[in-house]
Amino acid sequence: AVSGIVPAFSRNGNPFVQIFSIAALSPWAFVGFESVSHSAEEFRFPVKKTIVIIIFALIAGVISYVVLSLLAVTTVPDGYADWTAYIKDLANLSGTAGVPTFNSAKATTGTVGLAILGISVLAGIVTGLIANFVAASRLLYAEAKDGLVPGYLGKLDKDGNPRNAVLTIAAISLVVPFFGRTAISWIVDVTTIGATIAYAYVSLAAFKSAKNERKRGVMATGIAGFIASALFSVFFLIPDTGTISTISTESYLILVGWSIIGIIYFRFIIAKDKTKRIGRSSIVWIVLLILIFIISLLWMRSSAMTQMQSAVEDISAKYQTTMGDLGVDPNDPRIDGAEDYLKSKIEGLNDKFLFESVVQMSIILISLAFILSIFSVVKQNEKEMEEQKITAEQNSAAKSRFLSNMSHDIRTPMNAITGYTALALKEENVSPEISAYLKKIDMSSKHLLALINDVLDMSRIESGKVVLQPETANIVRTFDKLRDMFVTQMEGKNIAYTVVAEVENKEVVYDEHRLMRILMNLVSNALKFTASGGTIAVTLRETGYHNGVADFEIRVKDSGIGMSEEFAERIFEAFEREDTDVVKKTEGTGLGMSITKSLVDMMNGSITVNSKSGVGTEFTVLLSFPIDRVAEEKDNKGELEEKPFDATDKKLLIVEDNPVNREIVCMILSREGFTFDVAENGKEAVDKVKQSAVGEYAAILMDVQMPVMNGYEATRAIRAMGGEYAAVPIIAMTANAFASDVKEAMDAGMTAHISKPIEIDKMLETLKKLIG
């Protein structure tokens, strides 16, 4: 009968704490349930139904443990007053008497009952081993599928079992028995603490997830699970908590080693994580680091206490032996008093070590908590910066698309204005009055285009879209072009305009288009603010040479209105204009000097200004460019002299969907003696090339934005034909004028790029260079 059985609590501890110490083992008992998630994909029923299986498994487990516990105390061997006395003496018993459950089975049901219990125990052990193999191998299989462990562990045999994973687990398990029966306690200790920490992490993750989804029920269970797991962890890790004196020294060492392996493993999977799915949570490796610090401390403390205990026992034994040699009775009260004294000293040292260990652990935990807090703030700042970066990149991309579309939409009609104006000015029998009107239209359209270019260029510079494209060119000829470009305007305003170039090395490597933009901005600025009868002087001097690089000094000096010292300090800032009556009456965006400064900086040069109100202004630009010796020698021999260009035998294919632009290009080219075919879209162009004789087209002028097939697609199709077709020059003739547009044209297989509005001289120069 078991009706009179009551729990036998230890006199050295609180009953609640003793019950809690048993409950603290529960995480170890629940470890097997993790195999449910690993095996879920093989279920032939809804995964939600596993909760019923888990509940029944828990009930069956509780009943089994209760029945076995009651069975153990129903029968007490002869010679013992009650079961507590029997339990205390188990260490001195052998055979079935030394195992209460087997003793009870034999006493009540005889040999048959003993055999049934033995078979049941064996079945339980085998079932547990099988379950362990299933859980562990399925875990390795799941990790292999996610790329967290080597792929061979995830390979299935013909029966669909992860054979390699099972063999790996078996190989590891075979080593354990060689450590003796004590290895079981190590495994229980490590598994319990590991499971407790894992449950705490999962519970906290569930709480955080439920908080975001506002699921209060899950929030409550999550925080409760975290608190319980945290208490269990502290209960096991801190020595002499409640009735548990400590886990074994070996268990502490295994936990330290396991944590170090965890960090190494975490480092490995982060390095192999190409998809960036892992490593976002810093708490994982922070917990492992905390475990290493704390458990290594506890291991040292436990090891020291074990050695001290052993030393004290040796001293006590030596003391008793010595007393015996001296003829002192072993039962002499003085010997007992000495042993009690040593025990009290050991307990005092133990308490002191425990207190110091707890203080040290608290210091470490507080320090790590602050480090984690700082790290969390840093990670949050990095996250916000990353989000801001993504937003900025998205805004920049949207801005670039907008500017590209705006550039295309504005340049297309501007092409008609400038093109027809240029053609009209070349007509004969144009009255002086009409000619004057056309020149004003031409001047205004060019000014409008300059304003558009300023806005677009500034936006591109700010977003980093401008990329220098240095090529070998004659820098003296660049300044000749600059002189020719402004000479008519200077004469119309009665300004003495001079351009002087004094250099030894003419053929240098630079971005001629960007340098010309700098010069044009400086000269046009001087032209705006210099009154009739004034002077503007542009000089280029070579000031030095070193390691194949020539140094140049460019000066643009005028006798204009000048500027104040205060404004001179701000002149290179965007949208800055001096607040004077003359400046207010002058058209401009206030971006020219800012663009000039940005381009000079991109060329690793410098620009300064010296100005005085009412006297004039002088800009000084210092630049350095590599010298092209091969081109320089050819130039000295006269091999770079321009040859006359005859276009009468040159046939072109003009691909343009806009009728106005098509007409302008055809009229310009026909005046120069070219013959041509036209196509209204890329598809039509590809067909014409296929139908043409080899070498029939000297070049193709290709628009980009067209219906049916755009210019890029048409270019790729033509290049894919191979042979002579793959070599025909294809010139992009488009309003898409950004550097990225030029690059895209080159990537598509085009040979050159001309932006709209089309500059007749530039178009003819490009054709001459490619087919002349």
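Please refer to the structure placed before this passage.
Here's what I pulled together on the structure shown here. None of the values given here were measured: they were computed from a predicted structure.

Reading the values: the criteria
Within every chain, residues take consecutive numbers counted from 1 along the sequence as written. Where local features are concerned, this predicted model is filtered to residues with pLDDT of at least 70; where side-chain atom pairs are given and counted, the filter is 80 or more; whole-chain, interface and lining totals use all residues. Working from all heavy atoms in the structure, the side-chain values ignore hydrogens and water. Note on conventions: DSSP H or I runs of at least 4 residues are helices, E runs of at least 2 residues are strands, and numbering of each starts at the N terminus. By this rule, a helix spans an expected 1.5 Å times one less than how many residues it contains. Here the bend at a residue is taken as the angle between two axes, fitted respectively to the seven residues that end there and the seven that start there. Summary of the burial criterion: residues with accessible area below 20% of their type's maximum are buried, those above 50% are exposed, and those between are partly exposed, where the area comes from a 1.4 Å probe applied to protein chains only. By salt bridge we mean one thing: a side-chain nitrogen of Lys or Arg within 4 Å of a carboxyl oxygen of Asp or Glu. Note on pairing: DSSP must find at least two bridges between two strands before they are called paired. Axes here refer to lines fitted to C-alpha atoms; in helices the fit is confined to the stretch in contact. Angles between the N-to-C directions go from 0 to 180 degrees. It only takes one pair of heavy atoms within 4.5 Å for two residues to be counted as in contact. A pair of Phe, Tyr and Trp rings is counted when the ring centres sit within 6.5 Å of each other, with Trp represented by its six-membered ring. The angle between the planes then sorts it: under 30 degrees is stacked, over 60 is edge-to-face, the rest tilted. What we call a nonpolar core is a set of buried Ala, Val, Leu, Ile, Met, Phe, Trp, Tyr and Cys residues that are connected through their side-chain atoms within 4.5 Å.

**Here's the deal with helix 6 (residues 100-145)**
Here helix 6 contains 46 residues, and its C-alpha end-to-end distance of 47 Å is more than 12% below the 68 Å for a straight helix at 1.5 Å per residue. Of all the bends in helix 6, the largest measures some 140° and sits at threonine 109.

**A closer look at unusual backbone geometry**
If a residue is not glycine, its phi is most likely negative; likewise, a peptide bond is most likely trans. Phi angles above zero are rare outside glycine, and asparagine 494 is one such case at about 60°. You can see asparagine 494 is positioned in the loop between helix 14 (475-492) and strand 2 (496-502). Under the relative-accessibility criterion, asparagine 494 is labelled exposed at 52%. Within the chain, asparagine 604 stands out as a residue other than glycine whose phi angle is a positive 60°. As for its placement among the helices and strands, asparagine 604 is situated in the loop between helix 18 (592-602) and strand 6 (606-612). With a relative accessible area of 73%, asparagine 604 lands in the exposed category.

**Focus: the pattern of salt bridges**
The final tally for this structure, using the stated rule, is 15 salt bridges. Among the ionic pairs, glutamate 553 bridges to arginine 555, the shortest N-O distance being 3.1 Å. Here lysine 651 and glutamate 696 are joined by a salt bridge, their closest N and O atoms 2.7 Å apart. Note that lysine 651 is positioned in strand 8 (residues 651-655) and glutamate 696 in the loop between helix 21 (682-691) and strand 10 (699-702), a separation of 45 residues in sequence. Judged by its relative accessible area of 22%, lysine 651 falls in the partly exposed class. Within the structure, one salt-bridge network assembled from shared partners comprises Arg541, Glu553, Arg555 and Glu618.

**So, the environment of alanine 720**
Locating alanine 720 in the fold gives a position in the loop between helix 22 (711-719) and strand 11 (730-734). Residues alanine 720 and glycine 749, 29 residues apart in the sequence, show an inter-C-alpha distance of 9.9 Å.

**Details of the sheet that holds strand 6**
Here we have five strands laid out as an open sheet, ordered 2-4-5-7-6, and mixed in their pairing. Every interior strand has two partners, whereas the edge strands, strand 2 and strand 6, have only one. Strand-to-strand twist across the sheet, computed as the mean angle between neighbouring axes with direction ignored, equals 15°. Judged from the 10 bridges that link them, strand 4 (residues 535-546) and strand 5 (residues 549-558) form a sheet pairing that is antiparallel. Within strand 5, the residue paired with tyrosine 545 across the bridge is alanine 550. Across the sheet, helix 18 touches strand 6 and strand 7 (616-626), and the angle it forms with strand 6 is around 145°.

**Concerning the packing of aromatic side chains**
Enumeration according to the criterion identifies four aromatic pairs in this entry. Measuring from centroid to centroid gives 6.1 Å for phenylalanine 552 and phenylalanine 625, while their planes differ by 40°, and the two rings are tilted. One end of the pair, phenylalanine 552, is in strand 5; the other, phenylalanine 625, is in strand 7, and 73 residues separate them in sequence. Considering the side-chain rings of phenylalanine 572 and phenylalanine 619, the 6.3 Å spacing of their centres and the 65° angle between planes classify their relative orientation as edge-to-face.

**Comments concerning the nonpolar core**
The biggest cluster of nonpolar side chains holds 44 residues, and the ones touching the most others in it are Ile475, Phe479, Leu482, Tyr497, Leu515 and Phe625. Ranked by residues supplied to this core, first place goes to helix 15 (residues 512-528) with eight residues. If sequence neighbours within four positions are ignored, phenylalanine 625 has contacts with Ile475, Val508, Val509, Tyr510, Leu515, Gly548, Val549, Ala550, Phe552 and Met603. With 24 residues, the next largest nonpolar core counts Leu423, Ala647, Ile654 and Met763 among its residues.

Geometric descriptors of this kind do not, in isolation, establish any biological role.
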